[in-house]
Amino acid sequence: MSKKESKSARDLIKRDLKVVWHPCTQMKDHEKIPLIPIKKGKGIWLEDYDGNQYIDAISSWWVNLFGHSNPYINKQITKQLGNLEHVLLAGFTHEPAINLAERLIKLSPPKIKKCFFTDNGSSAVDAAMKMSYHYWKNKGFKKKSKFISLSNSYHGETLGSLSVSNIDLYKKTYEELMIESIVVESPDCYLKDENHTDKQHTEIMFDKMLKVIEKKHKEVSAVIIEPLVQCAGYMRMYHPIYLKLLREACDKYNIHLIADEIAVGFGRTGTMFAYEQSKITPDIICLSKGITGGYMTLSTILTTNDMYDAFYDEYTKLNAFLHSHSYTANPIACSAANASLDIFEKEKTISKNKILSEHISKSLSRISQHEHVGDVRQHGMIAAIEMVKNKLTKTSYDWKERRGVRAYEYGLKNNVLIRPLGNVIYFMPPYIINKNEIDKVINVIEGAIDIATK
Ligand SMILES: *Cc1c(COP(=O)(O)O)cnc(C)c1O
């Protein structure tokens with residue numbers, strides 16, 4: 001293949017569509033919606049082969065924190081590459097994993113003492129479910145095998161994590177393959193009564209959870225929940241009081257609380273981890289996505305010594321947690337994660353983000369006036385806009401109209417990558433974005449709403 005040929009966008013697209021099957025995509029869409037080969041990324045910008053640049057306003061599916069090709073993370077990874085690219089984590093260990101485990105535990109509440117590495121978000125959720133179930137088994141509880149999760153929740157795509165997810169688009173087709181789980185109505189504040197505050201609505205909705213827990217606790221292993229924001233579930237949000245009440249109920253009824261912080265962790269909602277805003281300690285915390293600053297796949301579950309001790313026994317009792325992944329705690333991924341945590345410390349990212357999120361909020365406020373905007377909501381560095389057919393009744397557009405796709409295409413034409421979830425346009429930028437760039441993105445979002453709601 002000649003050099004020139006391999007560098008033309010048209011040719012790359014042709015080659016790609018012959019052999020690559022893309023995630024979360026109806027491939028036939030690419031007959032009309034062009035695939036975009038990206039040549040390089042720098043900071044918040046992505047650049048294609050025709051020289052077009054796009055602001056990555058969704059952090060490449062919520063993973064990127066400090067920009068593409070970040071010089072510091074690059075340097076740390078390169079250093080690690082010179083020493084050790086990978087070694088198995090059973091029987092062996094390495095400094096990047098130990099450093100990362102220590103640092104993550106230090107960032108967690110005092111009761112969180114152990115870090116179990118997994119592979120990606122979905123596998124972290126699967127491992128959390130297995131660990132919780134196995135804990136009760138080791139403790140002599142025979143019936144605790146069910147999981148409670150919220151309607152409109154998303155915990156991943158593997159059979160285990162999809163079983164506790166509740167978005168029809170991803171789940172319904174596979175219903176027969178799912179592990180039976182218990183669904184409780186989400187405290188989603190978009191659906192609140194007009195005369196209620198978010199807090200009131202969240203408290204009222206918790207009653208539904210409490211009733212289910214009271215009735216079924218004997219068969220329930222854990223409640224799994226996305227703290228504060230149901231990200232894949234159209235960025236629907238709720239008040240921190242929910243987690244506080246949930247923690248109390250889980251304690252009272254002997255149920256684990258699994259916080260799936262995969263999307264909201266690492267500063268997304270304004271605190272390092274979203275559960276902090278409810279001042280609780282989950283029994284298991286799932287982390288992935290932003291953990292490596294958006295560089296590589298890695299995930300962990302953090303847990304307590306109480307959990308750990310329930311597995312600590314003579315080998316022959318077969319109580320150990322024999323779960324593993326080939327690339328568990330890959331040293332390069334761990335070094336990216338450590339570099340990302342260095343940046344959090346050095347740059348005081350959490351306090352700097354406060355200024356950015358206030359700016360986003362100010363800049364977005366005018367959009368709520370739009371005649372086809374039903375809601376503008378925000379938790380820290382996650383903002384979302386709900387496009388509606390009728391503002392008064394909050395009637396939504398028929399999903400088949402695919403208005404989000406129009407917004408996506410408008411964004412690209414105007415150098416901004418937004419990728420709406422149905423009728424919801426959201427903004428979840430890398431933390432290195434500046435105020436001017438935020439204004440640019442929000443201007444483009446405004447234009448996209450105009451086009452999409454015409
Ligand atoms: C993305 C996501 C997952 C799944 O993570 P993958 O790495 O994509 O498997 C799980 N839970 C939440 C809340 C997520 O946003």
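Reading the values: rules and limits
Residues numbered from 1 in each chain as written. Predicted model: local features only at pLDDT ≥ 70, side-chain atom pairs only at ≥ 80, totals over all residues. Heavy atoms only, no water. Helix = DSSP H or I, 4+ residues; strand = E, 2+ residues; numbered from the N terminus. Buried < 20%, exposed > 50% of the residue type's maximum accessible area, 1.4 Å probe, protein only. Contact = heavy atoms within 4.5 Å. Polar contact = N/O pair within 3.5 Å; in protein donor to acceptor, adjacent residues only side chain to side chain. Pairing = 2+ DSSP bridges. Near = heavy atom within 4 Å. Domains from an automatic or database assignment. Buried area = accessible area lost by both parts, 1.4 Å probe. Salt bridge = Lys/Arg side-chain N within 4 Å of Asp/Glu carboxyl O. Nonpolar A, V, L, I, M, F, W, Y, C, P; charged D, E, K, R; others polar. Arc of directions from axis to C-beta.

Now for the environment of threonine 304. Examined against the element boundaries, threonine 304 turns out to sit in strand E12 (residues 299-304). Judged by relative accessible area, which is 8%, threonine 304 ranks as buried. A sequence separation of 236 residues divides threonine 304 from histidine 68, and the C-alpha atoms of the two residues are 34 Å apart. If we skip the residues at most four places from it in the chain, threonine 304 touches Lys111, Ile112, Lys113 and Asp283. Here methionine 307 takes part through its backbone nitrogen, which lies 3.1 Å from a polar atom of the side chain of threonine 304.

Before going further, it helps to examine the sheet that holds strand E15 (residues 416-417). Pairing in this open sheet of four strands is mixed, and the strands run E1-E2-E3-E15 from one edge to the other. The outermost strands of the open sheet, each flanked by one partner alone, are strand E1 (38-42) and E15. When strand E3 (residues 53-56) meets E15, the two strands line up parallel, connected through two bridges. What sits directly across from isoleucine 55, in E15, is valine 416.

Attention shifts here to the pairing of E12. A large share of E12 lies buried, amounting to six of its six residues. Burial of E12 is two-sided: the residues Ser299, Ile301 and Thr303 facing one way and the residues Thr300, Leu302 and Thr304 facing the other way are all buried. Summarising the sheet, strand E4 (residues 112-118) and E12 pair through six bridges and their orientation is antiparallel. Each bridged residue has a counterpart across the sheet, and for phenylalanine 116 the counterpart in E12 is isoleucine 301. Where strand E11 (residues 284-287) meets E12, four bridges bridge the pair, whose relative direction is antiparallel. Each bridged residue has a counterpart across the sheet, and for cysteine 286 the counterpart in E12 is isoleucine 301.

This next bit is on the environment of lysine 454. Summarising the element assignment, lysine 454 is placed in the segment after helix H15 (435-452). Along the primary structure lysine 454 and lysine 400 are separated by 54 residues, whereas in three dimensions their C-alpha atoms are 15 Å apart. In contact with lysine 454, not counting residues within four places along its chain, are Arg403 and Arg406.

Further remarks concern the site of the ligand. The local shell around the ligand consists of Trp62, Asn120, Gly121, Ser122, Tyr154, His155, Gly156, Glu226, Asp260, Ile262, Ala263 and Lys289. Contacts to the ligand include serine 122, whose side-chain N or O atom sits 2.6 Å from an oxygen atom. Residue aspartate 260 places a side-chain N or O atom 2.7 Å away from a nitrogen atom belonging to the ligand.

Before going further, it helps to examine the domain arrangement of the protein. The domain architecture assigned to the protein consists of domain 1 (36-69 + 349-452) and domain 2 (74-347). Put simply, the middle of domain 1 and the middle of domain 2, counted by C-alpha atoms, are 26 Å apart. Where domain 1 abuts domain 2, roughly 2700 Å² becomes buried across the two surfaces, and 61% of that area is made up of carbon and sulfur atoms. The largest contributions to the domain 1 side of the interface with domain 2 come from Trp62, Ile350 and His379, which together make up 24% of the buried area. As a salt-bridge pair, lysine 352 and glutamate 347 come within 3.3 Å of each other at their nearest N and O atoms. Summed over the shared surface of domain 1 and domain 2, the result is 17 residue pairs in polar contact (both at pLDDT 80 or more). Contributing elements (two or more residues each) for the side of domain 1 that touches domain 2: helix H3 (59-62), helix H13 (349-365), strand E13 (373-379), strand E14 (382-387) and strand E16 (424-427). The class makeup of the residues in the side of domain 1 that touches domain 2 is 16 nonpolar, ten polar and six charged.

Let us look at helix H2 (residues 9-19). Taken together, the buried positions of H2 are Ala9, Asp11, Leu12 and Asp16. Buried residues of H2, seen end-on, are gathered within an arc of 160° and therefore sit on one face of the element. Exposed residues lying more than 90 degrees from the buried face of H2 are Arg10, Lys14 and Lys18.

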